[in-house]
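# Remarks on the overall topology
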Number of protein chains: 2
Amino acid sequence: MSRISKPRDAAPAPRAADRIRVSARELFYREGIRAVGVDQIVNRAGVTKPSLYRAFPSKDDLAAAYLSDYDREFWPRFEKPGGRRWPDARAQVLAYIRELGKRAVQDGYRGCGLSNATVEYPDHTHPARGVAEAHKKALRKRLRELAAEMGARDPRVLGDGLMLLLEGAYVTGQQSPGGPAQSILAAAETLIDACTGKPARRR
Amino acid sequence: MSRISKPRDAAPAPRAADRIRVSARELFYREGIRAVGVDQIVNRAGVTKPSLYRAFPSKDDLAAAYLSDYDREFWPRFEKPGGRRWPDARAQVLAYIRELGKRAVQDGYRGCGLSNATVEYPDHTHPARGVAEAHKKALRKRLRELAAEMGARDPRVLGDGLMLLLEGAYVTGQQSPGGPAQSILAAAETLIDACTGKPARRR
DNA sequence: GAACATACGTACCGATCGGTAACACTGTCA
DNA sequence: TGACAGTGTTACCGATCGGTACGTATGTTC
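Residues numbered from 1 in each chain as written. Chains lettered and ligands numbered in written order. Predicted model: local features only at pLDDT ≥ 70, side-chain atom pairs only at ≥ 80, totals over all residues. Heavy atoms only, no water.

## Some points on the protein's contact with DNA strand C
Lining the immediate environment of DNA strand C, one finds 17 residues, of which Lys 49, Tyr 53 and Lys 59 of chain A together with Thr 48 and Arg 54 of chain B sit closest. Considering DNA strand C, the proportion of its atoms within 4 Å of the protein that are sugar or phosphate atoms stands at 50%. Here a phosphate oxygen of DNA strand C sits 2.7 Å away from a polar atom, N or O, in the side chain of Tyr 53 of chain A. Between Arg 54 of chain B and DNA strand C, the recorded distance is 2.6 Å, taken from a side-chain N or O atom to a base nitrogen. Elements with a minimum of two residues in the surface near DNA strand C: helix 2 (38–45) and helix 3 (49–55) of chain A together with helix 3 (49–55) of chain B. Its residues assigned to classes, the surface near DNA strand C shows 7 nonpolar, 4 polar and 6 charged. (Near = heavy atom within 4 Å. Polar contact = N/O pair within 3.5 Å; in protein donor to acceptor, adjacent residues only side chain to side chain. Helix = DSSP H or I, 4+ residues; strand = E, 2+ residues; numbered from the N terminus. Nonpolar A, V, L, I, M, F, W, Y, C, P; charged D, E, K, R; others polar.)

Okay, here's the thing in structure tokens:
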């Protein structure tokens, strides 16, 4: 019971910086980073512009923070799709893909915030791009690991192939509802089976 | 020989509108549409702003024109990859994918201008988006036709699967050089063979 | 040469962009 | 009580944004 320097036991009213992160996250994801002005962000957050610039050196750095948050929230969705563990690599990947396939054919879907950022900012020196590139590099590595666990003859081909399918679903999902992402589960199953020597399922 | 009202038989010095189309095309593709201002475009084209607005009602319409040009130039690359005809659907698609795989792992690659535009403009009412969505719809349809020609058991799955691989290569190719697009040819071959009942190649 | 249409340039518009200076207010902690 | 950190308020900055009013050069047609 020493409450040394804890401010309060209840939630201490969200800090301005947090409110900004939340509203930036929503607006950046839905409308794109370049399309959203800092005034929009602070208005939605119910704070003022100086508060933004006290917490973030620039809009570019806020964008990088948004992508860091996005990256952090991505991994649980990927490693424990549906909020639970799966018995093996194949089941885990297919569970993630099943959920992605459902999300990505719905109206209003906006794909992956990190991939979208690399489209908006081709310049490799942009702070937001560094976050996105690092994320994609890690995802690629992880998919190759999972492909190896599945017993792929060439884990690079299966890992990369799955990554292409994922990214394809991210981007086509935001082009129009009911797009080719509806077939990602079947395609991924077929690809995995063919790369791991399973008897070809009649498809 | 009635040259009724033909201006001149020789090339009459490129019109301002054409110069604008060319420079807009280069800048929009390399840097993104939102990132490029109209001043940049007219400077590069060596013309002035009113010339732009005499030829195009707005920047948005210029963006739509850029995408129309992009769409028109895409189809020959897709239907006759390498500048020549191919014996069957499988060979044609794989030839396109082979070329794509080479381009998409190089430094400076910027993916598909039409896909990039849908990322930059989520609003379905934007004039540029209409062009991009129509293109993607046509490509999807064409890939399903080609999948059927290949003898796929379910042409929708193979067509959509190939489209996901293509789009995946477009977007990952611009994230960093040497990305997963390097495996697109192997992945596509595997997927096609598995979907058409070919004996699984050792991969 | 007069009349006209086409094409282009100079100069400018209001709005919005990202970002900042200066100061008042509030609550916490010592 | 006083110091301090965090926030809000107001007003502002220069740069750039997309877009336009208006005059000028050129060539064709009679």
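## Some details on the packing of helix 5 (residues 89–103) of chain A against helix 9 (residues 184–196) of chain A
All names here are of chain A. Contact geometry for helix 5 and helix 9: axes closest at 9 Å, N-to-C directions at 160 degrees. Classified by the interaxial angle, the pair formed by helix 5 and helix 9 is roughly antiparallel. Crossing of helix 5 over helix 9 shows right-handed handedness. Counted together, Arg 90, Leu 94, Ile 97, Arg 98, Leu 100 and Gly 101 of helix 5 and Ile 184, Leu 185, Ala 188, Glu 189, Ile 192 and Asp 193 of helix 9 form the full contact between these two elements. (Axes fitted to C-alpha atoms, helices over the stretch in contact; angles between N-to-C directions. Parallel < 35°, antiparallel > 145°, perpendicular 65-115°, else oblique. Left-handed = near helix turned anticlockwise from the far one by under 90°. Contact = heavy atoms within 4.5 Å.)

## Re the nonpolar core
One finds Leu 162 of chain A together with Leu 162 of chain B to be the most contacted residues of the largest nonpolar core, which totals 113 residues. The leading source of residues in this core is helix 4 (residues 59–79) of chain B, at 10 residues. Each residue touching Leu 162 of chain B, except ones within four places of it in the same chain, is listed here: Val 93, Ile 97, Leu 143, Met 150, Ala 188, Leu 191 and Ile 192 of chain B. (Core = buried A, V, L, I, M, F, W, Y, C linked by side-chain atoms within 4.5 Å. Buried < 20%, exposed > 50% of the residue type's maximum accessible area, 1.4 Å probe, protein only.)

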